[in-house]
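# Observations on chain architecture
Each chain, written out:
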Amino acid sequence: MTQPPKLKPGDAVALIAPARAVTREEMQAFAVWCQQKNLVLKVGKHLYGRFYQFSGTAAERAVDFKNAWLDPEVKAVFCARGGYGSVHIADTLSDQELLANPKWLIGFSDITTLHLKLNKLGLQTLHAPMPIHWGKLHEHTAENIERVEKVFFEEKVEIELNNQLIYNKKEF
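One structure accompanies this document, and this report is about it. What you see is a predicted model; the values in this text were computed from it and never measured. (Residues numbered from 1 in each chain as written. Predicted model: local features only at pLDDT ≥ 70, side-chain atom pairs only at ≥ 80, totals over all residues. Heavy atoms only, no water.)

## Thoughts on the packing of aromatic side chains
Aromatic rings considered in pairs are described by the distance between their centres and by the relative angle of their planes. So the rule is basically this: Paired rings are identified among Phe, Tyr and Trp, the last through its six-membered ring, by centres lying within 6.5 Å, and are further divided according to the angle between planes into stacked (under 30 degrees), edge-to-face (over 60) and tilted (the rest). Strands are runs of DSSP state E lasting at least two residues, helices are runs of H or I lasting at least four, and both sets are numbered from the N terminus onward. Each residue is assigned to one of three classes by its accessible area relative to the maximum for its type, calculated with a 1.4 Å probe on protein chains only: buried under 20%, partly exposed between the two thresholds, exposed over 50%.
By the definition in use, this model includes twelve aromatic pairs. Consider the rings of F30 and W134, whose centres lie 5.2 Å apart with planes at 85°: the pair is edge-to-face. One end of the pair, F30, is in helix α1 (residues 24-36); the other, W134, is in helix α5 (residues 131-134), with 104 residues separating them in the sequence. With respect to burial, F30 and W134 carry one shared label: buried. Taking 6.3 Å as the distance between ring centres and 85° as the angle between the ring planes, the aromatic pair formed by F78 and W134 counts as edge-to-face. Residue F78 is located in strand β3 (residues 74-79), and its partner W134 is located in helix α5; the two are separated by 56 residues in the primary sequence.

If you want it as structure tokens, here you go:
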């Protein structure tokens, strides 16, 4: 599988909501994290939109996904939350567009639809906590965010799961 490049200070990351709606307050802790990591946060035009339970219409959410993925400055696309709705935008980009600019996709739950599409093309993604969880910290969320940081910022990743240390040689 193709692993997107590690993140480094000054890199741009995109924040989009391909499924359910979010509020500015719910995204605040993630924005602070980006500042602390010296990442440039690019917010999707429809991130704070609302169409029923979604962050926008399927067309609006598709535009945000497409703009984030095709932006050459963006190195990672964080999905704000899951819920339902990603299936509506999964075919927004052609395989060629997705492969032309490999980058990280981060999320879980409903975002798994997008993970599967990218993984099928041979691109690594990160099934991990979403920005909505940054503001709801508890022991396990904090540990998982630390693991996300290791994947993005450390050359060698060592993660302990159930008291078993997992090493990687080159890729996570």
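## Concerning the sheet that holds strand β1 (residues 12-16)
Inclusion rule: At least two DSSP bridges between two strands are needed for those strands to be called paired. Any pair of residues with heavy atoms lying within 4.5 Å of one another is described as a contacting pair. Here an axis means a line fitted to C-alpha atoms, over the contact stretch when the element is a helix, while the angle between two N-to-C directions is reported on a 0 to 180 degree scale.
Strand order in this open sheet of five strands is β2-β1-β3-β4-β5, and the pairing throughout is parallel. At either end of the open sheet lies a strand with only one pairing partner, and these are β2 (40-43) and β5 (126-127). Running over the sheet, helix α4 (residues 112-120) touches β4 (104-107) and β5 and is turned about 155° from β4.

## Considerations on the environment of R81
How we decide: Here a polar contact is recorded for every N or O atom pair within 3.5 Å, except that within protein the pair must consist of a potential hydrogen donor and a potential acceptor, and residues adjacent in sequence are included only if both atoms are side-chain atoms.
Mapped onto the elements, R81 comes out in the loop between β3 and α3 (95-100). As a C-alpha pair, R81 and P131 span 50 residues in sequence and 6.8 Å in three-dimensional space. Once you skip the residues sitting within four places of it in the chain, R81 turns out to touch A19, R20, A21, V22, I111, M130 and I132. In this structure the side chain of R81 is engaged in a polar contact, spanning 3.3 Å, whose partner is the backbone oxygen of A21.

## Side note on the pairing of β2
Along any regular strand the residues' side chains alternate between the sheet's two faces. Taken together, the four bridges between β1 and β2 define a ladder with parallel strand orientation. Its bridge partner lying in β2, A14 is registered against K42.

## A short note on the pattern of salt bridges
Put simply, the test is: Counted as salt bridges are all cases of a side-chain nitrogen of Lys or Arg within 4 Å of a carboxyl oxygen of Asp or Glu.
For the structure shown, the criterion picks out seven salt bridges. Residues K117 and D91 are paired through a salt bridge, measuring 3.3 Å at the closest nitrogen-oxygen approach. With a gap of 26 residues between them, K117 in helix α4 and D91 in the loop between β3 and α3 connect regions that are remote in the sequence. The salt bridge involving D95 is made with K117; its shortest N-O contact spans 3.7 Å.

## Considerations on the nonpolar core
Buried together is how nonpolar side chains tend to be arranged in soluble globular proteins. In plain terms, the rule: Only buried residues count toward a nonpolar core, which is a set of Ala, Val, Leu, Ile, Met, Phe, Trp, Tyr and Cys residues joined through side-chain atoms within 4.5 Å.
Counting 24 residues, the largest nonpolar core has W33, F78, I106, L126 and F152 as its most contacted members. Looking at this core, the elements that each hand over two or more residues are β1, α1, β3, β4, α5 and α6 (139-153). I106 has contacts with A76, V77, F78, C79, L126, A128, P129 and F152, leaving out every residue within four places of it along the chain. A14, A62, C79 and L123 belong to the second-largest nonpolar core, a separate cluster that totals 19 residues.

## Here we look at α1
Formally: For a helix, the expected span equals 1.5 Å multiplied by the residue count minus one.
Counted at 1.5 Å a residue, the expected span for α1 with its 13 residues is 18 Å, and the 18 Å between its end C-alpha atoms agrees. Directly after α1, the chain includes N38, whose backbone phi takes a positive value near 60°.

## Description of the pairing of β1
Quick note on the threshold: Crossover handedness is defined by viewing with both strands directed away from the observer: a clockwise path from the first strand over the helix to the second marks the crossover as right-handed.
Along β1, five of the five residues are buried, which leaves the element largely enclosed by surrounding structure. With burial as the criterion, each face of β1 is covered, one bearing A12, A14 and I16 and the other bearing V13 and L15. Handedness of the β-α-β unit built from β1, α1 and β2 comes out right-handed.

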